[in-house]
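Coordinates in review
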Amino acid sequence: MAELGSAGLDAHGVAEQTVQEYIQHHLSFLTYGKHPDGDWGIAHTVEEAAEMGFWSIHVDTLGWSVFIGAAFLLLFRYIGKRATVDTPSGMQNFIETIFEFVDDQVKEGFNYDNHRIGPLALTIFVWILLMNTMDLVPVDWITGLASYIGEHVFGLEHMPFKIVPTTDVNITMGMSLSVFALIIYYSIKMKGIGGFLAELAFQPFGKWMLPFNLIIEIPTLFAKPISLGLRLFGNLYAGELLFLLMAALLGIFQLPAHFAWAVFHILVVPLQAFVFMMLTIVYLNAAHESHAH
Amino acid sequence: MDFNLTLVGQSIAFFVFWWFCQKMVWPLFSNILEDRKKKIADGLEAADRAQRDLMLAQEKSTDSLKEAKAVAAGNIDQANKRASQIIDEAKDQAREEGKRLIVAANSDIEQEVNRAREALRTQVAAIAIAGAEKILESSIDQAANEELINKLASEL
């Protein structure tokens, strides 16, 4: 699962690394951003990356995220263009299965006439599923190769390179906040701004209890994107961390341990993609729903 | 948990991918599945229709067969009738022909008998005269005798 050998050797076996450094290396991002002196560039150390603050981008996770999303959509488009009604190829069958699965979930969970929700659910499900699947790639393979290239081609020592986008809270919250924006957008579109605010103010206890309604409804509203994003992040981050700990601490025994955890993790990977998609559908359905009688 | 531009970038990617999926991916598969559903429904309907047609055709063929059998039976009856009629006619004709033949034969026989009688009569007359001449050994009045003989001969 991971590179053989203890954490004593780093990815390219040049310098000694402590367990802490190994894990630290694997948990940091390849960051491009604005240095405190105003220049834009790659962060060479964790401290530099931290100093950049908001004005920085995780090149590795965002890059993988965009790459995976584009690859999946282009593949679907490629197969869809060549799809036939009578003689579907194996790949077409496979994609149709996913398509119908998502379509069924949308038909079941979403009761309004909005043809944009299907594509939204499909994008979310397959994209997150593939991003999560990156967690099953052995932790040192791509990261190690990238660190090697980073050091020898670009002169970046201990270059971090994270390949699982969903272990980056920026990625998961980026998606959940997008969904949150859609919730607000569709709430206002379907019910008007008055209807949306009325839902926050006059429920569940009626208009005489307005402050209590607000105290209940506003946190409920904001809890949606936060729980959505953090649930995905937490599950994948924990899985990743466990793989790293095994790679760092168990030596040769990491192989069976990795295998066992990967088998378990295979359940988590699609489940979290499914949960994110289902909750998106449910939230948007609720956003279309009008409580005004 | 430090947020940075990655979050914004991911959000932009999210909306771009959503748009792309909606415009370029979803309709392809949605149409394919719709078409297939329609095709299957059409196929089943066509099969139903074919079965109905088959049943109608079978009914029709049974009817035609029955009709043909009836016609054939009628034809046979008629033929039989006609045959017996022809036989009867033939019999009648044969019977008449037979009668005619018999009549003709009878008249032939009668003629023959008459001729024979005529011949016999002349011969008898000659024999009688010869006999009488012998008996009388004398010449008799030929004329008186002839009258007598002819009277005798006509009585025969």
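Please refer to the structure placed before this passage.
Please read these numbers as outputs of a predicted model, since none were measured by experiment.

Some points on the interface of chain A and chain B
Residue-level contacts link 53 residues of chain A with 30 residues of chain B. Taken together, the two surfaces of chain A and chain B that pack against each other cover about 3900 Å², and 75% of this comes from carbon and sulfur. Three residues, Val85(A), Phe99(A) and Asn170(A), lead the burial of chain A against chain B; their summed loss comes to 17% of the area buried on that side. Linking chain A to chain B there are two salt bridges. Between Asp86(A) and Lys39(B) there is a salt bridge, with its nearest N and O atoms 2.6 Å apart. Linking chain A with chain B are 16 residue pairs in polar contact (both at pLDDT 80 or more). Elements supplying a minimum of two residues to the side of chain A that touches chain B: β3 (56-58), α3 (59-81), α4 (90-109), α5 (117-133) and α7 (169-201) of chain A. If one sorts the elements of the side of chain A that touches chain B by residue count, α3(A) sits on top with 13 residues. Here the side of chain A that touches chain B is built from residues that sort into 30 nonpolar, 15 polar and eight charged.

Considering the sheet that holds β3(A)
Residues and elements named next belong to chain A. Taken together, the three strands give an open sheet; going across it, the order is β2-β1-β3, and neighbouring strands pair in antiparallel fashion. The sheet is open, and its two edges are formed by β2 (40-42) and β3, each paired on a single side. Mean inter-strand twist for the sheet, computed between neighbouring axes without regard to direction, equals 15°.

Parameters at a glance
Residues numbered from 1 in each chain as written. Chains lettered and ligands numbered in written order. Predicted model: local features only at pLDDT ≥ 70, side-chain atom pairs only at ≥ 80, totals over all residues. Heavy atoms only, no water. Contact = heavy atoms within 4.5 Å. Buried area = accessible area lost by both parts, 1.4 Å probe. Salt bridge = Lys/Arg side-chain N within 4 Å of Asp/Glu carboxyl O. Polar contact = N/O pair within 3.5 Å; in protein donor to acceptor, adjacent residues only side chain to side chain. Helix = DSSP H or I, 4+ residues; strand = E, 2+ residues; numbered from the N terminus. Nonpolar A, V, L, I, M, F, W, Y, C, P; charged D, E, K, R; others polar. Pairing = 2+ DSSP bridges. Axes fitted to C-alpha atoms, helices over the stretch in contact; angles between N-to-C directions.

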